[in-house]
Amino acid sequence: MLLQGKTVIVSGVGAGLGHQIAATVVRDGGNAVLGARTEAHLAKSAREMDPEGSHTAHRATDITDEAQCEALAALALERFGRIDAVVHVAAWDSYFGGLADADFETWRGVIDVNLLGTLRMTRACLPGLKERGGSVVIIGTQSAVAAPSQVWQAAYAASKGALTSAMYSLARELGPDRIRVNTVLPGWMWGPPVQAYVQFTAHTEGVPEDEVLARLTERMALPELATDGDVAQAAAFLVSDRARAITGQSLLVNAGELMR
């Protein structure tokens, strides 16, 4: 199995991508340590992917709090004795708008979560990762390299773009300890957020949901959107030993909408 015996911390586990990544870890033979702000969401996800509770652990974690990041890393070591990887899903992605209407105090909050929070969580995992090497996988966004025309998320895109830039420095800094650092950049990804967007747009415009979905898929090289499960598989690959020589790279998972 791809992740047999590995312990992977996953931040930002809710109903969508975070759950899919953690479930993929368990399905591929690993142990998943789940973090998010809401304990009830964590408990529900853990029960669904691991009913017996032998391959999961979870702790409520706000990645803007350094002590809580350290506590999640400590839980992985206490429960499973190792940290092989951390996958960063936790993000503030619900603030919309561009420059003209920007509330820069809110921008500060977005940056604190998306950029600094990811770095806090990574630093908390370093002692465990350094023991045997491992992988850091950052979930970014295609919006960081190509702004979408459908929605404005300038703060989110800027924070994730900064995180992609930080990845290069981290890959150089942590490489001597055999710690790999890579980013997955999803485009339009079929899962709860995009489903909600399609439903809302269809309701607002008074058109069928299939019509809204067709507008998105017509730009793809493949005839359907990538799913959160597809992004989870990409993250699992980068965690695995099959990616042992890959670091400092950004992988677009977007059904070919943008090619670089």
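Note: the structure precedes this text.
Residues numbered from 1 in each chain as written. Predicted model: local features only at pLDDT ≥ 70, side-chain atom pairs only at ≥ 80, totals over all residues. Heavy atoms only, no water.

A. Here's a closer look at the layout of surface pockets. In this structure, the second largest pocket encloses a volume near 270 Å³. When grouped by side-chain class, the residues that make up the lining of the second largest pocket number two nonpolar, three polar and seven charged. (1 Å grid on protein atoms, 1.4 Å probe; cavity = no way out; pocket = protein on both sides within 12 Å on 5 of 7 lines; lining within 4 Å. Points joined across faces, edges and corners; volume = space filled by probe spheres on them. Nonpolar A, V, L, I, M, F, W, Y, C, P; charged D, E, K, R; others polar.)

B. View of the pairing of strand β4 (residues 85-88). Along β4, one buried face is formed by Ala 85 and Val 87 and the opposite face, lined by Val 86 and His 88, is buried too. Where strand β1 (residues 7-11) lies against β4, four bridges are found, and the strand directions are parallel. The partner of Ile 9 across the bridge, within β4, is Val 86. Pairing of β4 with strand β5 (residues 134-139) involves four bridges; the strand directions are parallel. (Buried < 20%, exposed > 50% of the residue type's maximum accessible area, 1.4 Å probe, protein only. Helix = DSSP H or I, 4+ residues; strand = E, 2+ residues; numbered from the N terminus. Pairing = 2+ DSSP bridges.)

C. Looking closely at the sheet that holds β4. The sheet built from seven strands is open, its strands ordered β3-β2-β1-β4-β5-β6-β9 with parallel pairing. Among the strands making up the open sheet, the edge pair consists of β3 (56-60) and β9 (250-253). Going from strand to strand, the sheet's axes swing by 20° on average, the running direction of each strand aside. In this fold helix α4 (residues 104-132) packs onto β1, β4, β5 and β6 (179-186), with an angle of close to 165° to the strand it touches most, β4. (Axes fitted to C-alpha atoms, helices over the stretch in contact; angles between N-to-C directions. Contact = heavy atoms within 4.5 Å.)

D. Expanded view of helix α5 (residues 154-174). The end-to-end C-alpha distance of α5 is 30 Å, a good match for the 30 Å that 21 residues give at a rise of 1.5 Å each. By the burial criterion, the buried members of α5 are Ala 155, Tyr 156, Ala 157, Ser 159, Lys 160, Leu 163, Thr 164, Ala 166, Met 167, Leu 170, Ala 171 and Leu 174. The elements touched by buried residues of α5 are α4, β5, β6 and β9. (Expected span 1.5 Å × (residues − 1).)

E. The pattern of salt bridges, seen in detail. Summed over the entire model, instances satisfying the criterion amount to 10 salt bridges. Residue Arg 215 pairs with Glu 205 through a salt bridge whose shortest N-O separation is 2.6 Å. Residue Arg 215 is found in helix α7 (residues 209-217), and its partner Glu 205 is found in helix α6 (residues 192-205); the two are separated by 10 residues along the sequence. (Salt bridge = Lys/Arg side-chain N within 4 Å of Asp/Glu carboxyl O.)

F. Here's a closer look at α7. For α7, the full list of buried residues reads Val 212, Leu 216 and Thr 217. Buried residues of α7 fall within an arc of 135° about the axis and therefore sit on the same side. Structurally, α7 contributes buried residues whose contacts are with α6. (Arc of directions from axis to C-beta.)

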